[in-house]
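Architecture at a glance
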Amino acid sequence: MKTLQKIIWKWLVTPLIGIIVIVMSAWAVLAIYFAKSPALFLRLTAVGIFIFANLAFFLNVKRRWIFLSAFAGTFILVLVWWSLIPASNDRNWSPPMSVLSHATISNNFVTVYNIRNFDYKTATEYTPRYYDKTFDLNKLKKLYFIVSYWGTSKAVAHTFLSFEFEDDECLAISIELRREKGETYDPVKGLFKMYEIMYVIADERDVIRLRTNYTGEHVYLYPLKTPLEESRKLLLDMLSEANKLNDEPEFYNTITRNCTVSLIRHFANVSKSKVNFYIEYLLNGFLDWRLYENGVIDTKLPPKEAKQAYFISDIAKKYDDDSDFSKEIRSHLPEFSSEESSLDISKIKPSEQEADKHAPIKTETKVDEKTGAVKWNSDFTALEYSFGNGILKGSYPEDMTKNVFPTVGKPPVIKSEKDWPDVFMNAKWAIDISNLSSSEKANKLDSILMRLCNPDYYKEDFPKTIVSTKFTIPPEFKKEEKNPDYNLIKSLRGKKLNYEVVMAAGFGARDYKIKTTIHIGASEDGKTVFYYDQPEHISNHLDVREFIFAAHQTKDKIFFEINIFCKCESSKFIRGTKMGRVEDDSRYFIEQMYNQFN
């Protein structure tokens, strides 16, 4: 036992203590060296004394506990001294950082003082300008998230917000380190109280135009789905913090008090949903991708197209001197995907706001088993399903022969229901095939089934989303033109078709692979075809996605039905927006299917 203890102490405990001492020593040395005062000579002297004293104890004291006690004492002295260093608003500030903004609030009106609006000739030549303005919170229209890349790395960027009001008035708030004259940003120095923090409240012609037109940064302007009431609270929370910094200055910190982490804190202060931690809060150049994945960015576009559509640097250069700068850069942005009210997270039931009680549940939906949401009969001529405690349920081919469908030629009727973490959707429509020839009518269901089962067709429908497909076509999948007795639908009945699709993730994320097995069924007479699939993985915001498609052909019509059930993953930003994203994507897919088969 004693031998084991000696081994553990020698090879585990002692090296671990050594590593801790080295890390603490490095921090203390850097804290002394980067201190704003006293003079450099005195700081270097203090560094030398700290290193020499601890090294002397280490080399001359045989009992290590004595050395560790002495080291702890010197480290605590440095830590206490460092923690007592006060932040200040009284320094020789760089001109763009010299004036702090503040605000007063009266009922629904906010008056902001010292809104920065410099007139730039170059990044370093400018005419300082400030103005005061009163904003009506009831006229707040939209919240925007801005990402600005200043270097070659896409992992790190500057992020800030802009609040758009009616009449194209915009107020931008950028949380930045406050530099003194001659100072430049250093991320290591930012860990050691070298910079104060400030809230730059500015006109977009200043804070955006400076970056797009004069410092050559790559800037993206994203509209968010944040509910208006939450956006108002967010604005007030940020203005309150700006007021506080006027009286109680604080230090910037590269990790714990930077632009993005400070923004997330404000969101957490006003959000009714839990805001979880992500590595993108530190590697904030990828935060727009995370917001897109969680459905927070208000767009209908696929990820790569969205990234391109919200890039505004080139557009901003065209309107450099335009007084309607904010209006013009937005005129080139895509339309919003949905109304804000449909994503109001305040409508979530109180019990649903506790994430730990609503972890995603793996849904058992296995074909040919006695239990499960989807059940086939023995020869795949009938299918029964039930999703979400009966919210979506039905059976084929019985339901398809009832003809309870919208009028022929009308757009699909889509019904959806959301109950965290589940999203249910049902769509029905009908088309007229009376103008087709007899042979075309005979082959119509075959062609529909082939299009649905072959991912290569999806690649044609979604060329910017699907990168590649891998599909082994079974022998039965091809129509035998010369064989009058051959029936494609009956030959595919009961088959399982496996394929892989690589989807373009966009926003700097890696493309991801979806593996799917389609189970095909058809009615005994071949007039109704239907299939079911549940991919192993589809995207980072979904835990389960189940899909059923059915088509029923009469003499002159074809009736279509799609049922989709999705179970979202645990909330990673705002649940309401995550569910909205799933619903938007599902609607987009249904619309594409309608366009293909209409």
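What counts as what
Residues numbered from 1 in each chain as written. Predicted model: local features only at pLDDT ≥ 70, side-chain atom pairs only at ≥ 80, totals over all residues. Heavy atoms only, no water. Helix = DSSP H or I, 4+ residues; strand = E, 2+ residues; numbered from the N terminus. Buried < 20%, exposed > 50% of the residue type's maximum accessible area, 1.4 Å probe, protein only. Contact = heavy atoms within 4.5 Å. Areas by Shrake-Rupley, 256 points an atom, 1.4 Å probe, with all protein chains shown as cover. Lys, Arg positive; Asp, Glu negative; His and termini not counted. Charge placed at Lys NZ, Arg CZ, Asp CG, Glu CD. Patch = residues over 30% accessible without salt bridge, like charges linked within 9 Å, V, L, I, M, F, W, Y side chains within 5 Å. Salt bridge = Lys/Arg side-chain N within 4 Å of Asp/Glu carboxyl O. Pairing = 2+ DSSP bridges. Axes fitted to C-alpha atoms, helices over the stretch in contact; angles between N-to-C directions. pLDDT = per-residue confidence, 0-100. Phe/Tyr/Trp six-rings, centres within 6.5 Å; stacked < 30°, edge-to-face > 60°. Parallel < 35°, antiparallel > 145°, perpendicular 65-115°, else oblique. Left-handed = near helix turned anticlockwise from the far one by under 90°. Nonpolar A, V, L, I, M, F, W, Y, C, P; charged D, E, K, R; others polar. Core = buried A, V, L, I, M, F, W, Y, C linked by side-chain atoms within 4.5 Å.

**Regarding the overall build of the protein chain**
The secondary structure content of the protein chain amounts to 15 helices and 21 strands. Seen through its principal axes, the protein chain has C-alpha atoms that stretch 100 × 80 × 45 Å. When the 598 residues of the protein chain are sorted by exposure, 50% land in the buried category. For the protein chain, the share of sequence-separated contacts (at least 6 apart) that also reach a separation of at least 24 residues comes to 65%. Accessible surface computed for the protein chain: about 29300 Å², of which carbon and sulfur atoms make up 54%. For the protein chain, the separation between the mean place of its 80 positive charges and that of its 79 negative charges on side chains is 6 Å.

**A few points about a nonpolar patch on the surface**
On the surface, Trp150, Val156, Tyr185, Ile255, Phe277, Ile279, Leu282 and Leu283 cluster together into a nonpolar patch covering about 760 Å² of accessible area. The residue Leu282 is located in the loop between α7 (259-270) and α8 (287-293) in this model.

**What to know about the sheet that holds strand β11 (residues 374-376)**
Taken together, the three strands give an open sheet; going across it, the order is β11-β12-β13, and neighbouring strands pair in antiparallel fashion. The sheet terminates laterally at β11 and β13 (392-396), the two strands that pair on one side only. Sheet twist, expressed as the average angle between the axes of neighbouring strands with direction ignored, equals 5°. Of the strand pairs in this sheet, β11 and strand β12 (residues 383-387) are connected by three bridges, and their pairing is antiparallel. Bridge pairing in β12 places Lys375 opposite Glu384.

**Details of the sheet that holds strand β18 (residues 512-522)**
The strand order across the open sheet formed by eight strands is β14-β15-β21-β20-β19-β18-β17-β16, and the pairing between neighbours is antiparallel. Looking at the sheet topology across the chains shown, the edges are occupied by β14 (413-419) and β16 (466-471). Strand after strand, the sheet turns through a mean of 15° between neighbouring axes, direction not considered. Here eight bridges tie strand β17 (residues 496-503) to β18, and the two strands are oriented antiparallel to one another. Paired with Val501 across the bridge in β18 is Ile514. Those strands touched by helix α12 (residues 438-453) are β16, β17, β18, β19 (528-533), β20 (542-553) and β21 (557-568), and its axis lies near 170° from that of β20.

**Some words on the confidence of the model for the protein chain**
Detailed reading of the predicted coordinates is not advisable wherever pLDDT falls low. Per-residue confidence for the protein chain gives a mean pLDDT of 84; residues scoring 70 or more make up 90%. Mean pLDDT across the elements of the protein chain ranges from a minimum in helix α13 (residues 455-461), with 78, to a maximum in strand β9 (residues 196-202), with 97. Taken together, the stretch residues 339-372 has pLDDT below 50 and engages in 68 contacts with residues farther than four places along the chain or on a different chain.

**As for unusual backbone geometry**
In this chain, Tyr396 is followed by Pro397 through a cis amide linkage whose omega measures 5°. Here the phi dihedral of Asn107 falls at roughly 55°; this positive angle occurs in a residue that is not glycine. Secondary-structure assignment places Asn107 in the loop between β1 (102-106) and β2 (109-116). Judged by its relative accessible area of 72%, Asn107 is exposed. In the Ramachandran plot, Asn114 falls in the positive-phi region, its phi being about 65° despite a non-glycine side chain. As for its placement among the helices and strands, Asn114 is situated in strand β2. On the basis of relative accessible area, Asn114 is assigned to the partly exposed category, the value being 23%.

**Quick notes on the packing of aromatic side chains**
Using the criterion set out here, one finds 37 aromatic pairs in the structure. Centroid distance Trp27 to Trp82: 5.1 Å. Interplanar angle 75°. Geometry classified as edge-to-face. With Trp27 in helix α1 (residues 2-33) and Trp82 in helix α3 (residues 64-83), this residue pair connects regions lying 55 residues apart in the sequence. Their ring planes at 5° and their centres at 6.2 Å tell us that Tyr220 and Tyr222 sit as a pair that is stacked.

**Let's talk about a negative patch on the surface**
Where like charges cluster on the molecular surface, the negative patch consists of Glu166, Asp167, Asp168 and Asp324. Among the secondary structure elements, Glu166 is positioned in the loop between β7 (158-165) and β8 (169-178).

**Observations regarding the environment of Ala550**
Topologically, Ala550 is positioned in strand β20. Its relative accessible area of 0% is what places Ala550 among the buried residues. A sequence separation of 153 residues divides Ala550 from Pro397, and the C-alpha atoms of the two residues are 8.5 Å apart. Residue contacts for Ala550: discarding those within four places in its chain leaves Tyr396, Met400, Val529, Phe530, Phe559, Phe560 and Glu561.

**Observations regarding the packing of helix α2 (residues 40-60) against α3**
α3 packs onto α2 with a crossing angle of 165° between their chain directions and a minimal axis gap of 9 Å. Here α2 lies roughly antiparallel to α3, going by the angle between them. You can see that α2 and α3 cross each other, and the crossing is right-handed. On the side of α2, the interface is formed by Phe50, Asn54, Phe57 and Phe58, while α3 contributes Arg64, Phe67, Ala70, Phe71, Thr74, Phe75 and Val78. Partitioning the contact of α2 with α3 into residue classes produces eight nonpolar, two polar and one charged.

**Focus on the pattern of salt bridges**
Evaluation of the coordinates by the stated rule reveals 24 salt bridges. The partner of Lys225 in a salt bridge is Asp584, and the shortest N-O contact between them spans 2.9 Å. Here the residue Lys225 occupies a position in the loop between β10 (218-223) and α6 (228-247), and Asp584 occupies one in helix α15 (residues 575-597), the gap between them amounting to 359 residues. Ionic pairing is found between Lys307 and Asp288, a salt bridge with its closest N-O pair at 2.5 Å. Of the two residues, Lys307 sits in helix α9 (residues 303-309) while Asp288 sits in helix α8, which places them 19 residues apart along the sequence.

**Some remarks on the pairing of β21**
The buried fraction of β21 amounts to eleven of the twelve residues, a majority that puts the element mostly inside the structure. Relative to β21, strand β15 (residues 422-432) runs antiparallel, the two sharing eleven bridges. Bridging from a neighbouring strand, Trp429 pairs with Phe560 of β21. Pairing geometry for β20 and β21, over eleven bridges, is antiparallel. From the neighbouring strand, His552 faces β21, where its bridge partner is Phe559. Linking two consecutive strands that pair antiparallel, namely β20 and β21, is a turn of three residues.

**Some thoughts on the nonpolar core**
Core analysis: the biggest nonpolar cluster contains 75 residues, and Val112, Phe145, Leu161, Phe163 and Met238 have the highest contact counts within it. Here this core takes seven residues from strand β6 (residues 140-149), the largest share from any one element. Contacts of Val112, omitting those with residues within four sequence positions, involve His102, Ala103, Tyr131, Asp132, Lys133, Phe135, Leu171, Ile201 and Leu239. Of all hydrophobic cores here, the second largest spans 47 residues; its members include Val423, Ile448, Cys453 and Val501.

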